[in-house]
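# Residue-level structural notes
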Amino acid sequence: MAVDIVIYHNPECGTSRNTLAMIRNAGIEPHVVEYLKTPPSRALLVELIDRAGMTPRKLLREKGTPYAELGLGDTSLSDDALVDAMMAHPILINRPLVVSPLGVKLCRPSEAVLDLLPSGQLGAFAKEDGEQVVDASGQRVA
């Protein structure tokens, strides 16, 4: 089955690596966009935020970013100002953001991607830390 899935990925991020591995465990090879090297355009970023049903503030990443130095915790900042900050500093965009025919979602935790995959998992899957997410029959572990 040909499925068009895009993952905005940071290979340094364990959650992003786990999400990518689960997409591949469904037999799907996604389009991988290393957004720190190739950030989305402003228009695309705004569209993705809207399609994910979130606000720019919900997509902001704090850990390991210039969030505090830029004063982004100021709740009076507009959505436009937050998007401007993400455009100037793509590391502020939380990841992984996944786009599929079933929707757009920030996949934190990584197993949230399972809701976006039109096909099931092909076999067992455990995260890098050993947490079992999918059993040998391809079913999500409760």
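Residues numbered from 1 in each chain as written. Predicted model: local features only at pLDDT ≥ 70, side-chain atom pairs only at ≥ 80, totals over all residues. Heavy atoms only, no water.

- As annotated in an unreviewed UniProt entry, the protein chain carries the name Arsenate reductase and comes from Sphingomonas citri.
- If you open the UniProt record of the protein chain and go to Sequence similarities (unreviewed entry), you find "Belongs to the ArsC family."
- In the Catalytic activity (unreviewed entry) part of its UniProt record, the protein chain is described as follows: "[glutaredoxin]-dithiol + arsenate + glutathione + H(+) = glutathionyl-S-S-[glutaredoxin] + arsenite + H2O". (UniProt positions renumbered as here; feature names shortened; annotations may be inferred.)

## Regarding the sheet that holds strand 1 (residues 6–9)
- Spatially, four strands are ordered 2-1-3-4 in an open sheet, and the strand pairing comes out mixed. Every other strand in the sheet has two partners, leaving strand 2 (31–34) and strand 4 (103–106) as the edge strands with one partner each. Strand-to-strand twist of the sheet, defined as the mean angle between neighbouring strand axes without regard to direction, takes the value 15°.
- Two strands pair when backbone bridges link them, and strand 1 and strand 3 (residues 97–100) are joined in this way by three bridges, in the antiparallel orientation. Residue tyrosine 8 lies in a different strand from strand 3, and its bridge partner there is leucine 97.
- Sitting on the sheet, helix 1 (residues 14–25) is in contact with strand 1, strand 2 and strand 3, with an inclination near 160° to strand 1.
- Sitting on the sheet, helix 2 (residues 42–51) touches strand 1, strand 3 and strand 4, and the angle it makes with strand 3 is about 80°. (Pairing = 2+ DSSP bridges. Helix = DSSP H or I, 4+ residues; strand = E, 2+ residues; numbered from the N terminus. Axes fitted to C-alpha atoms, helices over the stretch in contact; angles between N-to-C directions. Contact = heavy atoms within 4.5 Å.)

## Considerations on the pattern of salt bridges
- The final tally for this structure, using the stated rule, is ten salt bridges.
- When the shortest N-O distance is used, the salt bridge between aspartate 80 and arginine 42 registers 3.8 Å. Taken together, the residues aspartate 80 in helix 4 (residues 79–88) and arginine 42 in helix 2 connect sequence positions 38 residues apart.
- A salt bridge links aspartate 115 to arginine 140; the shortest N-O distance between them is 3.4 Å. Taken together, the residues span a long stretch of sequence, with aspartate 115 in the loop between strand 4 and strand 5 (125–126) and arginine 140 in the segment after strand 6 (132–134) at a distance of 25 residues.
- Given a relative accessible area of 44%, arginine 140 falls into the partly exposed group.
- Each of Arg42, Asp80 and Asp84 takes part in one network of salt bridges that share partners. (Salt bridge = Lys/Arg side-chain N within 4 Å of Asp/Glu carboxyl O. Buried < 20%, exposed > 50% of the residue type's maximum accessible area, 1.4 Å probe, protein only.)

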